[in-house]
Amino acid sequence: MRTRLFGVVLAAVIAALGATAPALAETVSLLSVQSGHSVLLQTPGLARVAVGDGRIAGVLPIGTSQLVVNGKAPGHTTVFVWLGGHRMTYEVTVSEQNMDDLAQMLRTSIDEPGVQVESFRDSVVVRGTVADGAHFTTLSDILNRFDGYAKSQKYTIVNAVTVAHPLGDLQKDLASVPGADDIRVDPDGKGNVIVSGHVHDAQTAQAVLERAKGLAGPYLAADGKLLDRISTDTTSQIDVKVYVLEVDHTALSNLGVQLQSAIFQGNNTYVLGQPSFPAVENPQGLGGALKIGAFFRTITLAPTLNLLMTEGHARILSSPDLVTLPGNNATFMVGGSIPIPVSTGLGQIGIQYEPFGVQLNVTPTLLGSGAVEAKITPDISDLDFQDGINENGFVVPALHESKLSTDVITQPGESIIMGGMVRRVQNKFINKIPVLSQIPILGKLFQSTRYQNDQSDVVFVMTPTVITR
C-alpha cells in the first residue's frame, strides 16, 4: 500500500516538474561526413551530447567548447547537443569517399553564392537559387558534365535549384508601357509565357502584347506561345463603313487624282482644288484608283465621291456597315446563289449552291499605336452562260471572277480605296422575223445576233472607326 502511494506521489511530482520546466530552444542543421573522416564542431557551453545510431557516427567532446563527429559507416543518423538552455540537432549523413569527392568537385565548379551541394546516401543534391534563366542554364551545363561520372559510380545528381527571376527583365520592360502598372508575366512550366493583369482599354492591352512579343522570345519554347490573360475596363469594337462603287473611266481618273484636292473651309463647306500631282493616263481604263500606289488613304473622300455620283460617273452597289470585335472576321455579300447539280453516288444527283456577286471579307485588328490593321479579301463574280457547260440538259454557267487579298494599316477614320477589280457582263441579243426565222436551214437568213459587252470597274471604299464603350 505504501509502495503504491509512493509511486503515485512520485508520478505527480514528475508531472509537476515537467509542466513547469521551460521548453528548450532548438536549432536543426544538416551535416555531411565522409566515412573514416571527422568533423569538428564549435559548441561553447557544451553540457551533454547524444547520438542516435553509434554504428553510423561517433561523437567525442573536447572540453565544453568543441565536439568531434566521426563518420563510421554510410548511413543517416541524428546527433543532439545541449548547450545550456539551447539544443542543437544535427541531421548527420555519412557518405562514401567517392560521393564526397563528387560533391567537392561540384562545389569547386559551381560559382553561385546561393547554391549549396550536399550528399545524401546515393545522391548529390544541388539546391539553392540563381538569379535568372541564363545562370540556371550555365549551372545545368555544369551538372550535365558530371552526370556520366556520377552514373558510373551509381550515384545520382539531383538539381533542386530554383530561378529567382525566370523571365529576366521582361517584367520591368513591360512596366514602362503607359497604363501597364498592373501587368505581370509568368512562365507556365510548359514553355509558354502568360501575360496577365488589368488595363483601361484594348489599345493599352494590345500595346502590352506587342511589346511582350518582341521581348519574350528567349523565354519561349520552340512551340511556346504568348498567352493573353489581360482584362480591360472598356470594350472596343471596330466599325467598318463600306461603299461598293461601280465607276466609269472618268470616275477612276478623278479617284486617282483628286482625292486630296478637297479643301475644307471654316464654315464646314469645301471646294475642290487643283490636283497636287499630275494625272497618269491608263490606256486600258482599268485600275485608275491605284495610279498613286497600291492603296490610297484619305480623310477628304466624301466630296469627291458625292461629285462623281451626282454627275453620273459612279453608283453605289452596296453600302454595308460592319461592326465586329478586334480580330474577328466580318463579311457581307450582294448577289445570289446558283444551283449546280453534283453527283452523290449510285446515280443520284444532288444540288449544290454556288454564291456569286460582290463579296467582302474583312478582319480588323486594333494595334497598340491606335491604328487599325485590316485583312481584306474582296471578291467579284458574275455568271457566264456563254462559257457554261450542259449537264443532263441543265446549263451550268461559268463564273467571271476578280479576287484580291491584302493587309492594310490605317488610322481610325481614314478611308481605304481598293480598285482595279473589273466586272464584265456580256449580253447576247437575237432579232428574228416571225415565222420565217423558224424555217429549217433557211431560217438563219431571217435572224441576226448582236453581242454587247459591258465592262465596269468596282471600287471598294472602307473606313474603319474604333468604338470604345
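Bear in mind the structure is a predicted one, so any value in this text is a computation, not a measurement.

Thresholds, definitions, all that
Residues numbered from 1 in each chain as written. Predicted model: local features only at pLDDT ≥ 70, side-chain atom pairs only at ≥ 80, totals over all residues. Heavy atoms only, no water. Salt bridge = Lys/Arg side-chain N within 4 Å of Asp/Glu carboxyl O. Buried < 20%, exposed > 50% of the residue type's maximum accessible area, 1.4 Å probe, protein only. Pairing = 2+ DSSP bridges. Helix = DSSP H or I, 4+ residues; strand = E, 2+ residues; numbered from the N terminus. Axes fitted to C-alpha atoms, helices over the stretch in contact; angles between N-to-C directions. Contact = heavy atoms within 4.5 Å. pLDDT = per-residue confidence, 0-100. Core = buried A, V, L, I, M, F, W, Y, C linked by side-chain atoms within 4.5 Å. 1 Å grid on protein atoms, 1.4 Å probe; cavity = no way out; pocket = protein on both sides within 12 Å on 5 of 7 lines; lining within 4 Å. Points joined across faces, edges and corners; volume = space filled by probe spheres on them. Nonpolar A, V, L, I, M, F, W, Y, C, P; charged D, E, K, R; others polar. Expected span 1.5 Å × (residues − 1). Bend = angle between axes of the 7 residues up to and from the residue. Polar contact = N/O pair within 3.5 Å; in protein donor to acceptor, adjacent residues only side chain to side chain.

## Considerations on the pattern of salt bridges
Thinking step 1. Under the counting rule described, the total for this entry stands at six salt bridges.
Thinking step 2. The partner of D186 in a salt bridge is R184, and the shortest N-O contact between them spans 2.4 Å.
Thinking step 3. Classification of R184 by relative accessible area gives partly exposed; the value is 46%.
Thinking step 4. Notably, a salt bridge pairs K403 with D379, separated by 3.9 Å at the nearest N-O pair.

## Considerations on the sheet that holds strand β6 (residues 75-83)
Sheet strands pair via backbone hydrogen bonds, and the direction of the pair is either parallel or antiparallel.
Thinking step 1. One open sheet holds the four strands; their spatial order is β1-β7-β6-β3, and the pairing between them is mixed. Sheet topology places β1 (25-34) and β3 (46-51) at the edges, where each strand pairs with a single neighbour. Strand-to-strand, the axes of this sheet are offset by a mean angle of 20°, without reference to chain direction.
Thinking step 2. Along the sheet face, helix α2 (residues 97-109) touches β1 and β7 (86-95) and points at about 105° away from the line of β1.

## Re the confidence of the model for the chain
Atomic detail in the predicted coordinates should be set aside for any region of low pLDDT.
Thinking step 1. In this model, the chain carries a mean pLDDT of 77, and residues with pLDDT of at least 70 account for 73%.
Thinking step 2. Below a pLDDT of 50 lies the segment residues 1-11, which in the model reaches zero contacts outside its immediate sequence neighbourhood of four places, other chains included.
Thinking step 3. Considering only residues more than four positions removed or in separate chains, one finds that residues 16-21, a stretch of pLDDT under 50, has zero contacts.

## Quick look at the sheet that holds strand β9 (residues 123-132)
Thinking step 1. Across the sheet, three strands lie side by side as β8-β9-β10; this open sheet has mixed pairing. Only two strands of the sheet have a single neighbouring strand rather than two, namely β8 (115-120) and β10 (156-165). With strand direction ignored, the average angle separating the axes of adjacent strands in the sheet is 15°.
Thinking step 2. In the sheet, β8 pairs with β9 via six bridges, with the strands oriented antiparallel. Each bridged residue has a counterpart across the sheet, and for F120 the counterpart in β9 is S123.
Thinking step 3. Relative to the sheet, α2 contacts β8, β9 and β10, its axis offset from that of β8 by approximately 175°.
Thinking step 4. Packed onto the sheet, helix α3 (residues 133-152) meets β9 and β10 and runs at close to 180° relative to β10.

## A closer look at the nonpolar core
Thinking step 1. Within the largest apolar cluster, 21 residues are counted, with the highest numbers of intra-cluster contacts made by V242, V244, L322, L360, I376, F460 and M462.
Thinking step 2. When residues of this core are traced back to their parent elements, those giving at least two are β14 (236-247), β20 (330-345), β21 (348-366), β22 (372-391), β25 (415-432) and β26 (447-468).
Thinking step 3. Once residues lying within four places of it in the same chain are set aside, the contact partners of L360 are V242, A330, T331, F332, I376, T377, P378, F460 and M462.
Thinking step 4. Residues L106, I110, I142 and L143 belong to the second largest nonpolar core, which totals 18 residues.

## So, the layout of surface pockets
Thinking step 1. Of the volumes computed, that of the second largest pocket is approximately 240 Å³.
Thinking step 2. Lining the second largest pocket are 14 residues; nearest its centre among them are A202, A205, Q206, D228 and P326.
Thinking step 3. For the lining of the second largest pocket, the secondary structure elements donating two or more residues are α5 (202-215), β13 (226-232) and β21.
Thinking step 4. Sorting elements by how many residues they give to the lining of the second largest pocket places α5 first, with four residues.
Thinking step 5. The residue makeup of the lining of the second largest pocket, split by class, is seven nonpolar, six polar and one charged.

## A closer look at α3
Thinking step 1. Its 20 residues give α3 an end-to-end C-alpha distance of 29 Å, which sits within 8% of 28 Å, the value for a rise of 1.5 Å per residue.
Thinking step 2. At F146, α3 is bent by approximately 35°, the largest bend along its length.
Thinking step 3. Those residues of α3 that fall on the buried side of the exposure criterion are L139, S140, I142, L143, F146 and A150.
Thinking step 4. Looking at the buried positions of α3, the neighbouring elements they touch are α2, β9 and β10.
Thinking step 5. Of the residues flanking the start of α3, the one acting as N-cap is D132, its side-chain oxygen 3.2 Å from the backbone nitrogen of A134.
Thinking step 6. Note on α3: the residue one or two positions beyond its end, K154, has a positive phi of about 65°.

## Concerning the environment of R127
Thinking step 1. Within the fold, R127 resides in strand β9.
Thinking step 2. Spatially, the C-alpha atom of R127 lies 5.6 Å from that of V115, the residues being 12 residues apart in sequence.
Thinking step 3. In this structure, R127 is in contact with L30, G114, V115, Q116, E118, A160 and V161, ignoring residues within four places of it in sequence.

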